[in-house]
Amino acid sequence: MKIKHRSFSFFIFLTILVYIFALPASATEAPSDILEASSVYVVNIETEGCAYEYMPHIELQPSATAKLMTALTAYRMLEGRLSERVLITPEMTAGYSRYQSFYINEWKSLEDYRGTYIEIKDLFELLLISGSEDAAQSLALLCSKSTDDFVSEMNKYAAELEMTTTVYKNVTGSNVTEAKTTAKDVSRLACEFYKKAELVRIASVFNSEITVGADKVTLFNRNPVSSTYYNNSYYDKSVSGLLYGASSRTDTCLITGKTGGNLSYICIIMGADSQSALRDSEGRPRNAFTLSSALLEYALESFELKCVLENHRIFAELPVKMSRQADYVTLVPQKELFAFLPKNIDFDSDLKYEVSLLKSELEAPLMQGEVLGSVEVLYGEKSLGSVELIANNAVSKSLILDIADFFMRLLKNPITVTFIIFALIFLVLSIFYRAHTEALNHRDTKDSEPEDRSTPDRK
């Protein structure tokens, strides 16, 4: 019986060991299969911190991402005119086939509505919901004299957003040799786009009805993340499908966003496969849509805003002179500092604090909140920010010590010492001079007295 008992115990122990070592290092791990995507970048909107990246600086054609910049640039110029109805002119649709589809009725395009009117807001819906290229051109011509002038505005806007690699050559993103961008640059564009609530609403809506001329037309979002009309495999109402475009089966551009708790993320995937026959462990197709979903979930599960600097933490103590109230004052951060960091970070080993002090010794009086230095927080080689260090309490000055210090400083002053020496010399000389003068006067007085030579009478 004992042998059986021991065997059973060993079996239980072995099972527990296997279970422990079989567990992953963390609850959520970044997807390792990037599905032959050219570039991937996941950014936190609130801090613009990177949650995941794969070749983020590789130069690619802007493709459909140019339409986001077209929408953003036009919105900046036309935001106050969204309800205005404008005439659809031949210039607005020039160069685009009437077979370009953005309606349920496949044969219609803006070209069929020349001479009629459309609201500016509906042009944004055509661009962002259906990817309409003639809508992009129409918005450009409403803002500038020519599309070339408007493209110049797009590039200026890109420079403002520090999209240092990006060069736009047209409003639609159609491939041109000189045009280029990176996933990192697109992340800055997407974060700026995300600040425009109306544009985000339009881009992620399931469907919308617009009025063109006398017709009411229903648009369905072409992004499978936001709508099931064209593909019902990837719809997720918790995800904002900001952009989807594909110039070919293996050149998909997908931008999605998701919010969890107090953080929001945007996932940029460029040059990916949208129709892969490969499957993941759950049997889903391994493509841009499933990768985007996995990356957003990974970001939400793995990162958070952490307080890396508390405003009550003491970072230094400085000695204080001229006070009977306190011998030293403590220095604390002026404010709290938050940083975008992995949830499993170890504060003691992963963070470093570098303190810089303005003085090594202080003199009363001191005001509470007086700036006396700074502290910088480092995560590896990366600076998370710097905060000024201030006096945690006020320190008053002692009158007696102040008077004593005044005389001590006075005595240490070379001019004062020289004056005192000369004064002492003058005093000593004065005393000697006075004594000598008195001695001379005394002698002169004695010499000037008449000598009494008379003798007394003798009887």
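Within each chain, residues carry numbers counting from 1 in the order of the written sequence. Totals for whole chains, interfaces and linings use all residues, but because this is a predicted model, local features are given only for residues with pLDDT of at least 70 and pairs of side-chain atoms are given and counted only at 80 or more. Side-chain metrics in this entry use all non-hydrogen atoms of the structure; hydrogen atoms and water are not considered.

1. Describing the sheet that holds strand E8 (residues 252-260)
Here is the rule: Each pair of strands is called paired provided DSSP finds at least two bridges between the two strands. To qualify as a helix, a DSSP run of H or I must reach at least 4 residues; to qualify as a strand, a run of E must reach at least 2; elements of each kind are numbered from the N terminus. For helices, the fitted line uses only the C-alpha atoms of the stretch in contact; every axis is such a line through C-alpha atoms, and the angle between N-to-C directions lies from 0 to 180 degrees. Whether two residues are in contact is decided by their heavy atoms: any pair within 4.5 Å suffices.
One open sheet accounts for five strands, arranged E2-E1-E9-E8-E7; its pairing is antiparallel. Unpaired on one side and paired on the other, strand E2 (50-54) and strand E7 (239-246) mark the two borders of the sheet. Each neighbouring strand pair of the sheet contributes to a mean axis angle of 10°, computed without reference to strand direction. In terms of strand pairing, E8 meets strand E9 (residues 263-272) through nine bridges, oriented antiparallel. Across the sheet, Cys253 pairs through a bridge with Met270, a residue of E9. Across the sheet, helix H7 (residues 183-194) is in contact with strand E1 (39-44), E7, E8 and E9; its angle to E9 comes to roughly 140°.

2. So, helix H8 (residues 197-204)
Under the convention used in this document: Each residue gets one of three labels from its accessible area relative to the maximum for its type: buried under 20%, exposed over 50%, partly exposed in between, using a 1.4 Å probe on protein chains only. The directions from the helix axis to the C-beta atoms form the arc being described.
Taken residue by residue, H8 has Leu199, Val200, Ile202 and Ala203 as its buried positions. One side of H8 carries all its buried residues, which in axial view fall inside an arc of 165°. The secondary structure elements touched by the buried residues of H8 are helix H2 (65-78), helix H4 (120-130), H7 and E7.

3. Here's the deal with the nonpolar core
Inclusion rule: Joining through side-chain atoms within 4.5 Å is the link that ties buried Ala, Val, Leu, Ile, Met, Phe, Trp, Tyr and Cys residues into a set, and such a set is a nonpolar core.
Core analysis: the biggest nonpolar cluster contains 63 residues, and Met69, Phe124, Tyr168, Phe193, Ile255 and Ile266 have the highest contact counts within it. Counting residues per element, this core draws most heavily on H2, which supplies eight residues. Sequence-distant contacts of Phe193, defined by excluding residues within four places in its chain, comprise Leu68, Ala71, Leu72, Leu128, Leu199, Val200, Ala203 and Leu242. Val308, Met322, Leu331 and Leu351 belong to the second-largest nonpolar core, a separate cluster that totals 26 residues.

4. A word on the confidence of the model for the protein
Here is the rule we go by: Per-residue confidence from the predictor is given as pLDDT, running between 0 and 100.
On average, residues of the protein score 82 in pLDDT, and 79% of them reach the 70 mark or higher. In the predicted structure, residues 99-107 sits below a pLDDT of 50 and forms 31 contacts with residues beyond four places in sequence or in another chain.

5. A short note on unusual backbone geometry
Phi is positive for Glu48, close to 60°, though the residue is something other than glycine. For Glu48, the position within the fold is in the loop between E1 and E2. For Glu48, a relative accessible area of 43% puts it in the partly exposed group. With a phi close to 45°, Met55 is a non-glycine residue in the positive phi region. As for its position among the elements, Met55 is in the loop between E2 and H2.

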